[in-house]
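Results of the structural survey
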Amino acid sequence: DGRDLDWMTHVNPVRDDRAMIVVFNPTGTKRSRRIRAPLRRAGLNGRVRLDSAVGPAREPEWERMQALDARGRLAIEVSVPPGGMRWIRVRAARD
């Protein structure tokens, strides 16, 4: 309805990049919110490696490790500029 963040999750359990979460902000103001993305079908559990950037950037702004919940979901705080988008790449954790 264009009043809050909108996102989708793409998964592929056979690639190194197991999932990509893309978040769009259709509003005219910066929006921040905690989202839960289902990653069970990406073949992931436990901890995952994340990196993220705004817009079409190819180099991530940040990278970190994070645990999935018991149902295989990623709970993450995202901030997106007005009319912008953020991508979050999800990979299996390296031991």
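For the structure, see preceding data.
In this report, we go over the structure that sits alongside the text. This structure is a prediction, so every number in the text was calculated from the model and none was measured.

The next thing to look at is the nonpolar core. Ranked by internal contacts, the top residues of the largest apolar core, which has 18 residues, are I21, L74 and V90. Elements that contribute at least two residues to this core include exactly β2 (17–24), β3 (31–38), β4 (47–54), β6 (73–80) and β7 (85–92). Top contributing element to this core by residue count: β6, with four residues. In this structure I21 touches M8, T9, I35, A37, L74, R86, W87, I88 and V90, once residues within four positions along its chain are discounted.

On to the environment of R18. Within the secondary structure layout, R18 lies in strand β2. Separated by 23 residues in sequence, R18 and R41 have C-alpha atoms that sit 9.3 Å apart. Filtering out sequence-adjacent residues up to four positions away, R18 remains in contact with H10, V11, N12, P13, A42, G43, L44, V90, R91 and A92. Separated by 3.2 Å, the side chain of R18 and the backbone oxygen of R15 make a polar contact.

The rules behind the values
Residues numbered from 1 in each chain as written. Predicted model: local features only at pLDDT ≥ 70, side-chain atom pairs only at ≥ 80, totals over all residues. Heavy atoms only, no water. Core = buried A, V, L, I, M, F, W, Y, C linked by side-chain atoms within 4.5 Å. Buried < 20%, exposed > 50% of the residue type's maximum accessible area, 1.4 Å probe, protein only. Helix = DSSP H or I, 4+ residues; strand = E, 2+ residues; numbered from the N terminus. Contact = heavy atoms within 4.5 Å. Polar contact = N/O pair within 3.5 Å; in protein donor to acceptor, adjacent residues only side chain to side chain.

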